[in-house]
Amino acid sequence: MAFNPLINNPITKWFLGLFSLDIGIDLGTANTLVNVRNKGIVINEPSWVAIDKKTKRPVAIGAEAKEIAGRTPANITAIRPLRDGVISEFEITEAMLEYFIAKAHEHSFVPIPSPRVVVGVPSGVTEVEKRAVYDATMAAGAREAFLIEEPMASALGAGLPVAEPLGSMVIDIGGGTTEVAVFSMGGIVLSRSLRVAGDEMDQDIIQYARNKYNLLIGERMAEKVKMTIGSAHPLWEEKTFTLRGRNLVSGLPEAVEVSSIEVREALAASVNTIVAAIKDAIDETPPEIIADLMESGVCMAGGGALLQGLCERLQEELKIRVWVAEDPMTCVARGAGRVLEDYDNLRRLLVGLERGSTAR
Ligand code: ADP
Ligand code: MG
């Protein structure tokens, strides 16, 4: 108690601030980003961990682990601990966070005490899941850990006026989840989280190749097709891509040329599900906020926002302007970082934990 006046003293705070590391983390289902105050994004790597099956110890984390996925030798397995948007593999997530936080430290010139960290969690996660993220962050070496709902961080990173009385809306399409949220006055007015996003689109393409061409392709090939010629709206110029895989009948390697029209057809079910969820959210949005959205438009973030033609498609369906945030894949990390920069004003945007809840 006696120390409080000293710790709350602005000069002490300023002094401590010089040495402490403030970090915003986007613990995404597909990619993990670490944003260090005054330095920007120092880590941007796939949320992958390669594990030795015998010892259960990680042998590679991040880009290196994704590189070996799909080609793993018998004694190694590569996993994505956050695949469905929540921590399904607690220890592995913790190891991954620890590795990334330590790596972020490497970028400092002076030995710095443990950092203050803000981490994004998907909206609507349970108390147990929130606690798991909090515990994993603390166990990974944070001095203080705070949680923020991903759509809130995303909106902050995109520069939406979430703390003001104006209404705004963000659609964040990641790997495992799509999050739709409407904000006003620093709060989330309504949100939708669905487990249809980039990964599901990759699976759609795998399924399509199997059904139409008896061709078995890998997840990375499917993702590449999606990023290169995938679309949600007819393109000015339709394109082609050569799929390489194994013919399921002959068992032999085969290359098949597919068109962007076919890929659009393959993606249609997932895209339609996402569009329907967004329409649903618009449907429940109070009219005053709809009026604001008609002025400001709806913002898209996350890697899925880069799917060609998605903006046009949504614009046609929603009759509202839809725009992609600047650098959509870094919005959550930048937004999480912003909270620590302006902690006194923005801390009310954080989510709390109930006392006494436990993850395990
Ligand atoms: P998360 O927040 O879940 O980690 P990200 O926001 O990093 O996800 O987005 C990753 C997803 O975005 C992946 O499914 C990836 O395939 C997809 N993606 C990235 N770039 C593109 C693109 N140009 N077109 C379509 N999808 C893309
Ligand atoms: Mg994300």
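Residues numbered from 1 in each chain as written. Chains lettered and ligands numbered in written order. Predicted model: local features only at pLDDT ≥ 70, side-chain atom pairs only at ≥ 80, totals over all residues. Heavy atoms only, no water.

Here the focus is helix 6 (residues 150-157). Across the eight residues that make up helix 6, a large majority, eight, are buried. Every buried residue belonging to helix 6 is among Glu-150, Pro-151, Met-152, Ala-153, Ser-154, Ala-155, Leu-156 and Gly-157, and all of these are buried. Gly-159 sits one or two positions beyond helix 6 and adopts a positive phi of about 80°. (Buried < 20%, exposed > 50% of the residue type's maximum accessible area, 1.4 Å probe, protein only. Helix = DSSP H or I, 4+ residues; strand = E, 2+ residues; numbered from the N terminus.)

The next point concerns the site of ligand 1. Taken together, 17 residues form the shell around ligand 1, and within it Thr-29, Ala-30, Asn-31, Glu-223 and Lys-226 come nearest. Within the contact set of ligand 1, an oxygen atom lies 2.6 Å away from a side-chain nitrogen or oxygen of Glu-223. Backbone polar atom of Gly-303 to an oxygen atom of ligand 1: 2.9 Å apart, as the coordinates give it. About the coverage of ligand 1: the protein hides 91% of its 580 Å² of free accessible area. (Near = heavy atom within 4 Å. Polar contact = N/O pair within 3.5 Å; in protein donor to acceptor, adjacent residues only side chain to side chain. Areas by Shrake-Rupley, 256 points an atom, 1.4 Å probe, with all protein chains shown as cover.)

Taken together, the three strands give an open sheet; going across it, the order is 5-4-6, and neighbouring strands pair in antiparallel fashion. Among the strands making up the open sheet, the edge pair consists of strand 5 (58-61) and strand 6 (76-79). Strand-to-strand twist of the sheet, defined as the mean angle between neighbouring strand axes without regard to direction, takes the value 20°. When strand 4 (residues 49-52) meets strand 6, the two strands line up antiparallel, connected through four bridges. Note that in strand 6 the partner of Ile-51 across the bridge is Thr-77. Relative to the sheet, helix 4 (residues 90-106) contacts strand 4, strand 5 and strand 6, its axis offset from that of strand 5 by approximately 55°. (Pairing = 2+ DSSP bridges. Axes fitted to C-alpha atoms, helices over the stretch in contact; angles between N-to-C directions. Contact = heavy atoms within 4.5 Å.)

As far as function goes, none of this settles anything; it's purely spatial.
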